[in-house]
Amino acid sequence: MSKSVIETPPKGGFSFDLCKRNEMLAKKGVNSPSFRKTGTTIVGLIFQDGVILGADTRATEGPIVCDKNCEKIHYMAPNIYCCGAGTAADTEAVTDMVSSQLQLHRYHTGRESRVVTALTLLKRHLFNYQGYVSAALVLGGVDVTGPHLHTIYPHGSTDTLPFATMGSGSLAAMAVFESNYREGLTRDEGIKLVTEAICSGIFNDLGSGSNVDICVITKGGKEYLRNHLQPNPRTYTSSKGYSFPKKTEVLLTKITPLKEKVEIIEGGGDVMEE
Amino acid sequence: MQFMASKQPENSLLGPESDSQRTLYPYVTGTSVVALKYKDGILMAADMGGSYGSTLRYKSVQRMKPIGKHSLLGASGEISDFQEILSYLDELILYDNMWDDGNSLGPKEVHNYLTRVMYNRRNKFNPLWNSLVLGGVKNGQKYLGTVSMIGVNFEDNHVATGFGNHLARPILRQEWHENLSFEDGVRLLEKCMRVLLYRDRSAVNKLQIAKITEDGVTISQPYSLKTYWEFSAFENPAQGAI
């Protein structure tokens, strides 16, 4: 009697094989390394011409701020952007992956991507991994059917909302939205409200901080306002800058400019038609 | 709900005392209380809901009560413990009145008494499961303080308990200023209570606002807030999906 073992290729999705081992190790005091989380405030709202997304810029590793000015608003398509909260690697990887899938889809169909396409691709992936891909996203964009704003939770559920907040600072930001949001906001009113909501998260939540990033998406195009507001500048900076001690003898001075000039040849060369 | 009468906690370190009971979980709870200082005194708001776990069991619970001549106490958390605290304070005020010396306990003194009570109970691992807000005016001085179930106490221009900490305090930090008028104060409190009504699952749309000034305490009749649900994304969420 021979045991026939059929080798099946892995079907994708999360593999639960090591879970028992991890549990056993955790009981013995061996904890897995903590993930770099983006303890965050991310928001989105629909205004009269489209969608405005906002995010803070602090990335935390437990109690330490590891990046004071990271980018949480990720590109998905020319008309779709996505804010990410949760584990930084997960949000980066999942948005990059869906962004490439959308581009291939654009080549295949010859049309502008739709927000619901990005939504479905993201939620299918996240559900497949049963919440282990810890990415909480605010997806917004404008396509032929109009402006759309969605939230996606790590387990794969989605909501369609007029205004949305996610992350540790979501309650502070939601308090601002619930009290001040109304339909048909103009662009400036929308930006002001998003900035207020992110600032509420920055100042009232310990996991969020530093600066405010904004992205405005309309039918005409997008405007990515990186560090639109910097309410936390360095308080004390020395105006003198760094100076070498006075007795240092200068032997040689050589200045190398770090930016090289790039020559652009018009017309010649292969241009990939999109 | 677990039947607790004959349960012995596994990690009881005390021998002879191990058959007495300690508060382990709250049963009937009230949600957030929000309060702020305004021009003439203190304004405090709380809804009238008493939840039994995830059911909204009681809808006419008064969670704010006047204490003596100068103070107003609002509580969130276990309702029975709140009633016990009221009983202690009743005794305190009674003894104070019996001195008949023309002096009366002000909000600062009552707040201090409550802090001691809460902290001592927590030290015996038998807490009164409440977050209290104590406001009052005495001799023109406004006072607003809070005590939690573990004895954390402080005094501030605006305080909130429970969910109010996360949802109401950001709004108050941004919009509160000295010398708010009565109407502005009520409008600000209603703004906070509306956000809590939208986003706190244990909130109920029946609230009271209490005012305390040098002249005394007034607790309003219960009323409800107007809510807005007509966003187009709510009415047609699958637009463009088909």
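Treat the numbers as computed from the prediction; the structure is a model and nothing was measured.

Cut-offs used in this document
- Residues numbered from 1 in each chain as written.
- Chains lettered and ligands numbered in written order.
- Predicted model: local features only at pLDDT ≥ 70, side-chain atom pairs only at ≥ 80, totals over all residues.
- Heavy atoms only, no water.
- Pairing = 2+ DSSP bridges.
- Helix = DSSP H or I, 4+ residues; strand = E, 2+ residues; numbered from the N terminus.
- Axes fitted to C-alpha atoms, helices over the stretch in contact; angles between N-to-C directions.
- Contact = heavy atoms within 4.5 Å.
- Buried < 20%, exposed > 50% of the residue type's maximum accessible area, 1.4 Å probe, protein only.
- Polar contact = N/O pair within 3.5 Å; in protein donor to acceptor, adjacent residues only side chain to side chain.
- Phe/Tyr/Trp six-rings, centres within 6.5 Å; stacked < 30°, edge-to-face > 60°.
- Patch = residues over 30% accessible without salt bridge, like charges linked within 9 Å, V, L, I, M, F, W, Y side chains within 5 Å.
- Areas by Shrake-Rupley, 256 points an atom, 1.4 Å probe, with all protein chains shown as cover.
- Salt bridge = Lys/Arg side-chain N within 4 Å of Asp/Glu carboxyl O.
- Parallel < 35°, antiparallel > 145°, perpendicular 65-115°, else oblique.
- Nonpolar A, V, L, I, M, F, W, Y, C, P; charged D, E, K, R; others polar.
- Expected span 1.5 Å × (residues − 1).

**Focus: the sheet that holds strand 12 (residues 207–213) of chain B**
Residue and element names in this part refer to chain B.
Move 1: With antiparallel pairing, five strands are arranged side by side in an open sheet as 11-2-3-12-13. Each having just a single partner strand, strand 11 (158–160) and strand 13 (216–219) make up the two edges of the open sheet. For this sheet the average axis-to-axis angle between neighbouring strands, irrespective of direction, equals 10 degrees.
Move 2: Of the pairings in the sheet, the one linking strand 12 to strand 13 comprises four bridges and is antiparallel in character. Opposite Ala210, over in strand 13, you have Ile219 as the bridge partner.
Move 3: Contacts from helix 3 (residues 164–175) reach strand 2 (33–37) and strand 11 within the one sheet, and its direction differs from that of strand 11 by about 165 degrees.
Move 4: Sitting on the sheet, helix 4 (residues 182–199) is in contact with strand 2, strand 3 (41–47) and strand 12, with an inclination near 25 degrees to strand 3.

**Here's the deal with the side chain of Thr91(A)**
All names here are of chain A.
Move 1: By secondary structure assignment, the location of Thr91 is in helix 2 (residues 88–109).
Move 2: Among the residues examined, Thr91 registers a relative accessible area of 2% and is labelled buried.
Move 3: Among the polar contacts listed, one links the side chain of Thr91 to the backbone oxygen of Ala88, at a separation of 2.9 Å.
Move 4: Excluding anything up to four places from it in sequence, Thr91 contacts His74, Gly84, Ala85, Ala135 and Leu137.

**Topic: the packing of aromatic side chains**
All names here are of chain A.
Move 1: Tallied over the entire structure, the rule returns eleven aromatic pairs over all chains.
Move 2: When the ring of Tyr81 is compared with that of Tyr224, the centres are 6.2 Å apart and the planes differ by 20 degrees; the resulting orientation is stacked. Of this pair, Tyr81 sits in strand 6 (residues 80–86) while Tyr224 is found in strand 12 (residues 222–229), placing the two residues 143 residues apart along the sequence.
Move 3: The exposure class of Tyr81 is buried, given its relative accessible area of 6%.
Move 4: A relative accessible area of 27% means that Tyr224 is categorised as partly exposed.
Move 5: Note on Phe163 and Tyr181: the rings are 4.8 Å apart at their centroids and 45 degrees apart in plane angle, and the pair reads as tilted. Taken together, the positions of Phe163 in strand 10 (residues 163–166) and Tyr181 in the loop between helix 4 (170–180) and helix 5 (187–204) put the pair 18 residues apart, joining distant regions of the chain.
Move 6: A residue is classified by how much of its surface remains accessible, and Phe163, at 3% relative accessible area, is buried.

**A closer look at a nonpolar patch on the surface**
Move 1: Where nonpolar side chains cluster on the molecular surface, the patch consists of Leu94(B), Tyr95(B) and Met98(B) and spans about 350 Å² of accessible area.
Move 2: Summarising the element assignment, Tyr95(B) is placed in helix 1 (residues 79–99).

**A few points about the packing of helix 4 of chain A against helix 4 of chain B**
Move 1: With their axes 9 Å apart at the nearest point, helix 4 of chain A and helix 4 of chain B run at an angle of 110 degrees to one another. Taken together, the axes of helix 4 of chain A and helix 4 of chain B are roughly perpendicular relative to one another. For the pair formed by helix 4 of chain A and helix 4 of chain B, the contact residues are Met174(A), Ala175(A), Glu178(A), Ser179(A) and Asn180(A) on the first element and Lys191(B), Val195(B), Tyr198(B) and Arg199(B) on the second.
Move 2: Taken together, the residues that form the contact of helix 4 of chain A with helix 4 of chain B break down as four nonpolar, two polar and three charged.

**Focus on helix 1 of chain B**
Residues and elements named next belong to chain B.
Move 1: For helix 1, built from 21 residues, the straight-helix expectation of 30 Å at 1.5 Å per residue is met to within 8% by its first-to-last C-alpha distance of 31 Å.
Move 2: Among the structural elements, strand 1 (28–30), strand 6 (64–67), strand 7 (71–78), helix 2 (107–123) and strand 8 (130–138) are those in contact with the buried residues of helix 1.
Move 3: Positive backbone phi, at 50 degrees, marks Asp100, one or two positions downstream of helix 1.

**As for the sheet that holds strand 1 (residues 42–47) of chain A**
Residues and elements named next belong to chain A.
Move 1: Across the sheet, five strands lie side by side as 10-1-2-11-12; this open sheet has antiparallel pairing. Single-partner strands in this sheet number two, and they are strand 10 and strand 12. Recorded for the sheet is a direction-independent mean angle of 15 degrees between the axes of neighbouring strands.
Move 2: Summarising the sheet, strand 11 (residues 212–218) and strand 12 pair through five bridges and their orientation is antiparallel.

**Structural notes on the pairing of strand 2 of chain B**
Residue and element names in this part refer to chain B.
Move 1: Of all five residues in strand 2, five are buried; the element is thus mostly enclosed.
Move 2: Residues Val33, Ala35 and Lys37 of strand 2 are buried on one face, and the alternating residues Val34 and Leu36, pointing to the opposite face, are buried as well.
Move 3: Bridging between strand 2 and strand 3 involves five bridges; their strand directions are antiparallel. Paired with Leu36 across the strands is Leu43, a residue of strand 3.
Move 4: Where strand 2 and strand 11 come together, three bridges link them in antiparallel fashion. Bridge pairing in strand 11 places Val34 opposite Ala160.

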